[in-house]
Amino acid sequence: MVKELNPRARFLMGPGPSDVNPMVLKALSTPMIGHLDPQFIEIMDEVMEMTRQLFQTNNQLTSVISATGSAGMETCFVNLLEPGDTAMVCVNGVFGNRMCDIVERCGAKLIRVDAPWGEPIAPGQVKDALEKSKPKLVAIVHAETSTGVLQPLTEISKMVHDAGALFVVDTVTSLGGTQVKVDEWGIDAVYSGTQKCISAPPGLSPVSFNTKSLEIMDQRKTKVQSWYLDLSMIRKYWTGAKRAYHHTGPISMVYAVHEALRIVHQEGLEARFERHLRNHKKLLDGLEAMGFEFLVAPEYRLPMLNAIKIPNGVDEQTVRARLLNEYNIEIGAGLGDFAGKVWRIGLMGESSTPNHVNLLLGALKDILG
Ligand SMILES: Cc1ncc(COP(=O)(O)O)c(C=O)c1O
């Protein structure tokens, strides 16, 4: 007989998911209603409005895709690209690489702009690449979770628009933990995830598209290659005057995100971003006092994802396993080029507290001596 579920509670300090507020867990157990019930439509409308406020946009098409952040990524590319189009992707970590894979699966011509992992993409690189080609869109990751780099966007956004291309941005890790100003920064299409700084469970992907993006979609000559992620249909379910069935909305997850977004706005965006920064600085001071070095230069460090170099002679897997098994603390291993070389410590949403920082510093001191 299989036993009832009873996983041990953890302190989630990896690259996501982050800790979830008990109010959000409670929202998950709210009674089920139909996905076209007028009450649910009202909840969807509120989720859209709170998501607009978080993205700092007036875009009407701002909603959540019914799957994790990768589906938000895929939604942007499959709807904006047609076979034969050209797309430029900036790559300085795992998630830029993932974008490239999707672009190629769309049958589009890929132009890569690569920077070393752990460093941001320099605006000059994008400028040079735009002089050599005329892409339909340029895509970039705002917060590269694999390395801890915060990518400045405004200068690149201007170059992209001067070249007549759309600007597509991944904000999976940044949204809810630092400024994401979709309208002011000229972002045409954007996606995120719920399990990082929004601190809801994984399962939905907030997205937003401006009118320029929608016009490009309306002018398509070919069908979107993915039925499930075709925004021309999803739009009718989320924003149509008469809501039309597309797929059965994930009711409980929408409840959870509704509550998580309500908590985000109750705290206030500025206060929330300030808290993320404060706890990042506390962790930084504590780790530097212990002799740890950060991977990323100070001006490009993410407040919610701290990549630190593993000191020589430390068996990184043993330390992570001890943190998990003896202290119930989860931190992240390095990915790709940084596997075995860095740890990734997340201070995202509900996990960004002085208590989390103190617990981790204390546990690391115990383990490393
Ligand atoms: C920057 C970035 N983009 C995309 C994704 C993919 O999101 P998901 O794992 O929710 O599909 C992640 C997940 O960690 C991420 O950090």
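K.L.:
Any chance you could explain the domain arrangement of the chain here in plain terms?
P.N.:
Reports often express the size of an interface as the amount of accessible area lost when the parts come together. If you check the domain split of the chain, you get domain 1 (11–16 + 269–368) and domain 2 (22–265). When each unit is reduced to the centre of its C-alpha atoms, the spacing between domain 1 and domain 2 is 27 Å. The interface is formed by 23 residues belonging to domain 1 together with 22 residues belonging to domain 2. Within the residue set of the side of domain 1 that touches domain 2, elements represented by two or more residues are helix H10 (269–289) and strand E11 (305–309). A per-class count over the side of domain 1 that touches domain 2 returns 13 nonpolar, 5 polar and 5 charged.

K.L.:
How should I be thinking about the site of the ligand in this particular structure?
P.N.:
Of all residues adjacent to the ligand, which total 14 residues, the nearest are Thr68, Gly69, Ser70, Thr145 and Val172. Top contributing element to the shell around the ligand by residue count: helix H3 (residues 69–80), with 3 residues. Tallied by class, the residues present in the shell around the ligand amount to 6 nonpolar, 7 polar and 1 charged.

K.L.:
What am I meant to see in the packing of H3 against helix H4 (residues 94–105) here?
P.N.:
Two quantities define a packed helix pair, namely the angle between the helix axes and the distance between the axes. The interhelical angle for the contact between H3 and H4, taken along N-to-C directions, is 40 degrees, at an axis separation of 10 Å. For the element pair H3 / H4, the angle class is oblique. In terms of crossing hand, the pair formed by H3 and H4 is right-handed. Of the residues in H4, those touching H3 at Met73, Glu74 and Phe77 are Arg98, Met99, Ile102 and Val103.

K.L.:
Can you walk me through the nonpolar core in this structure?
P.N.:
Where a protein is soluble and globular, its nonpolar side chains tend to be buried together. One finds Phe77, Val103, Val138, Ala139 and Val257 to be the most contacted residues of the largest nonpolar core, which totals 102 residues. It is helix H9 (residues 251–267) that provides the largest number of residues to this core, a total of 8 residues. Setting aside residues no more than four positions away along its own chain, Val103 makes contact with Phe77, Leu81, Ala87, Val89, Ala108 and Leu110.

K.L.:
How should I be thinking about the sheet that holds strand E5 (residues 137–141) in this particular structure?
P.N.:
Strand pairing in a sheet relies on backbone hydrogen bonds, with the paired strands running either antiparallel or parallel. Here we have 7 strands laid out as an open sheet, ordered E2-E10-E9-E8-E5-E3-E4, and mixed in their pairing. Two strands in the sheet have a free side with no partner beyond their single neighbour: strand E2 (61–65) and strand E4 (109–114). Between one strand axis and the next, the sheet turns through 15 degrees on average, direction left out of account. Pairing of E2 with strand E10 (residues 205–209) involves 5 bridges; the strand directions are antiparallel. Bridge pairing in E10 links Thr62 to Ser208. Along the sheet face, helix H2 (residues 38–55) touches E2, strand E9 (189–191) and E10 and points at about 105 degrees away from the line of E2. Together, strand E3 (86–91), E4, E5 and strand E8 (166–170) form the strand contacts of H4, whose direction differs from that of E3 by roughly 165 degrees.

About the thresholds
Residues numbered from 1 in each chain as written. Predicted model: local features only at pLDDT ≥ 70, side-chain atom pairs only at ≥ 80, totals over all residues. Domains from an automatic or database assignment. Contact = placed C-beta atoms within 7 Å. Helix = DSSP H or I, 4+ residues; strand = E, 2+ residues; numbered from the N terminus. Nonpolar A, V, L, I, M, F, W, Y, C, P; charged D, E, K, R; others polar. Near = placed C-beta within 6 Å. Axes fitted to C-alpha atoms, helices over the stretch in contact; angles between N-to-C directions. Parallel < 35°, antiparallel > 145°, perpendicular 65-115°, else oblique. Left-handed = near helix turned anticlockwise from the far one by under 90°. Core = buried A, V, L, I, M, F, W, Y, C linked by C-beta atoms within 7 Å. Buried ≥ 20, exposed ≤ 12 C-beta atoms within 10 Å, placed from the backbone. Pairing = 2+ DSSP bridges.

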